[in-house]
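Observations on chain architecture
These are the residues of each chain, in order.
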Amino acid sequence: MIWKTNITEMIGIKYPIIMGAFAGVGRAEFAAAFSNAGGLGIITALNYNTNKVFQNEIDKMKNLTDKPFGVNFSIMPPIMAKKHPKARTEETYIEFLDIAIEAGVKIFTTSAYQANEIGKKLNDNGCYWFHKCTTLKHAISAEKSGANAITLVGVEGTGFKNPLQNTTLVNVTMAKKLLSIPIIAAGGIGDARGFLAALAMGADAVCFGTAIMATKECGVSQNYKKKLINQDIFEEDFYRQIFHHELKDKSIYSMAAGHIDKVVSLKEFIDNIIKEAENILNSWGFKGNQLNIA
Ligand SMILES: Cc1cc2nc3c(=O)[nH]c(=O)nc-3n(C[C@H](O)[C@H](O)[C@H](O)COP(=O)(O)O)c2cc1C
């Protein structure tokens with residue numbers, strides 16, 4: 001089946017599936033495998049310390065995939081940046097941004113804090129700017145500043161939390177009414193039903209974070225993958241970390257861990273989501289060979 005949404009059409013990817021940003025493991029091998037499997041792979045710029053290393057990573061991406069890929073700039077919120085002398089702020093990314101634009105990268109994601117300077121430069125250079133945030137207020141503001149799409153992360157997800165964060169369901173259905181640019185749903189999504197549900201709620205793509213961490217290509221340890229597979233998401237401490245904002249500034253995986261039962265390749269992961277989603281659509285009576293929600 002052909003999957004057509006405003007995001008697949010905008011950036012030329014096969015499936016409406018976007019890779020999350022990952023401090024630590026969001027590197028070329030992982031991202032290229034994601035792009036090769038039909039989604040949008042993303043390398044996370046904060047994993048690189050020098051221009052040369054960052055440039056090498058972009059070169060590596062180009063060798064590993066001929067499909068579209070993106071670069072993420074995660075910006076540390078000022079309140080946290082004060083505690084971290086090496087915090088990545090918008091200014092610290094400007095040289096990386098020039099390198100990536102010069103290298104022909106066309107798709108960028110920004111996250112964790114407003115990124116209007118970077119966004120403006122992306123707009124001026126004809127690049128796509130996807131901003132990721134946790135509240136509709138920030139989403140509306142990023143749309144006004146020129147973002148081409150918004151990733152909204154629900155409270156069932158992970159990453160930096162906001163005390164006013166809503167669920168993925170409230171985020172996406174309300175965003176569909178309040179935004180005019182495409183929406184990418186994130187937060188707690190880990191299977192074909194969640195994927196299809198997000199599209200039904202109004203998303204043009206789904207961003208997977210936790211769900212792809214137990215894939216063969218993800219650079220976390222085997223022990224971490226085992227932990228993910230065995231995580232009881234109904235266990236109180238885990239639940240509290242996710243829903244009661246006890247995550248603080250730690251990166252922990254999300255409720256999507258409940259859907260992980262074995263280590264698979266990224267291609268298997270994405271193929272399974274698509275195959276199962278198509279089976280569900282067929283069981284509902286959809287018999288077409290193109291799903292067009294663009
Ligand atoms: C280990 C880990 C590291 C992460 N690092 C970042 C990061 O550096 N920047 C960012 O914007 N998001 C980061 N995220 C959040 C993901 O990009 C994505 O928004 C989130 O995982 C979506 O929720 P989900 O895990 O429920 O799919 C991280 C997530 C995990 C699990």
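Quantities reported herein were computed from a predicted structural model and do not represent experimental measurements.

A tally of regular secondary structure across the protein gives 12 helices and 10 strands. Compactness check: the protein gives a C-alpha radius of gyration of 18 Å against a globular reference of 19 Å for 294 residues, within 12% of the reference. Taking all 294 residues of the protein together, the buried fraction comes to 52%. Counting only contacts in the protein whose residues sit at least 6 apart along the sequence, the fraction spanning at least 24 positions is 62%. Working note: accessible area of the protein is about 13,600 Å², and carbon and sulfur atoms make up 53% of it. Computing the positive centroid from 32 side-chain charges and the negative centroid from 28, the protein places the two 0 Å apart.

Moving on, we come to the site of the ligand. Every one of the 17 residues lining the ligand counts as a neighbour, but Ala21, Ser111, Gly188, Thr210 and Ser254 are closest to it. The side chain of Ser74 places a nitrogen or oxygen atom 2.7 Å from a nitrogen atom of the ligand. Contact distances for the ligand include 2.7 Å between an oxygen atom and a backbone N or O atom of Gly188. Burial of the ligand by the protein chains amounts to 93% of its free accessible area of 600 Å². Taken together, the residues that form the shell around the ligand break down as five nonpolar, 11 polar and one charged.

Turning next to the packing of helix 2 (residues 28-36) against helix 3 (residues 51-64). Packing of helix 2 against helix 3 leaves a shortest axis separation of 9 Å and a crossing angle of 35°. In this structure, the crossing between helix 2 and helix 3 has a hand that is right-handed. Of the residues in helix 3, those in contact with Ala28, Glu29, Ala31, Ala32 and Asn36 of helix 2 are Glu57, Lys60, Met61 and Leu64. When the residues that make up the contact of helix 2 with helix 3 are grouped by side-chain class, the tally is five nonpolar, one polar and three charged.

Here we come to a nonpolar patch on the surface. Taken together, the side chains of Leu169, Val170, Met174 and Leu178 present a nonpolar region at the surface, about 320 Å² in accessible area. Secondary-structure assignment places Leu178 in helix 8 (residues 168-178).

Along the polypeptide, Glu57 turns up in helix 3. At a separation of 2.7 Å, a polar atom in the side chain of Glu57 contacts the main-chain amide nitrogen of Ala28.

What counts and how
Within each chain, residues carry numbers counting from 1 in the order of the written sequence. Only residues with pLDDT of at least 70 get local features here, since the model is predicted, and only at 80 or more are side-chain atom pairs given and counted; chain-wide, interface and lining totals rely on the full set of residues. Side-chain metrics in this entry use all non-hydrogen atoms of the structure; hydrogen atoms and water are not considered. Here a strand is any run of E in DSSP of at least two residues, a helix any run of H or I of at least four, and the numbering for each starts at the N terminus. In this description the radius of gyration comes from C-alpha coordinates, and the expected globular size is given by 2.2 Å times residues to the power 0.38. Each residue is placed in one exposure class: buried if its accessible area under a 1.4 Å probe, protein chains only, is under 20% of its type's maximum, exposed if it is over 50%, and partly exposed if it falls in between. Contacts: residue pairs with any heavy atoms within 4.5 Å of one another. Here the accessible surface of atoms and residues is derived via Shrake-Rupley with a 1.4 Å probe, and residues count as covered only by protein chains that are part of the display. Note on charges: Lys and Arg go in the positive column, Asp and Glu in the negative column, and His and the chain ends are not counted at all. For this purpose, a charge sits on NZ of Lys, CZ of Arg, CG of Asp or CD of Glu. For this purpose, a residue is taken to be near a molecule or strand whenever a single non-hydrogen atom of the residue falls within 4 Å of it. Any pair of N or O atoms that falls within 3.5 Å is considered a polar contact. Within protein, one atom must be able to donate a hydrogen and the other to accept it, and sequence-neighbouring residues count only if both atoms are side-chain atoms. Under the scheme applied, nonpolar residues are Ala, Val, Leu, Ile, Met, Phe, Trp, Tyr, Cys and Pro; charged residues are Asp, Glu, Lys and Arg; polar residues are all the others, including Gly. Axis definition: a line fit to C-alpha positions, over the contact stretch in the case of helices; interaxial angles, taken between N-to-C directions, run 0 to 180 degrees. Crossing handedness is read from the near helix: turned anticlockwise from the far helix by less than a right angle, it gives a left-handed crossing, and turned clockwise, a right-handed one. What makes a patch is a set of residues exposed beyond 30% relative accessible area and free of salt bridges, joined within 9 Å when like-charged and within 5 Å when nonpolar (Val, Leu, Ile, Met, Phe, Trp, Tyr). When a carboxyl oxygen of Asp or Glu lies within 4 Å of a side-chain nitrogen of Lys or Arg, that pair is called a salt bridge.

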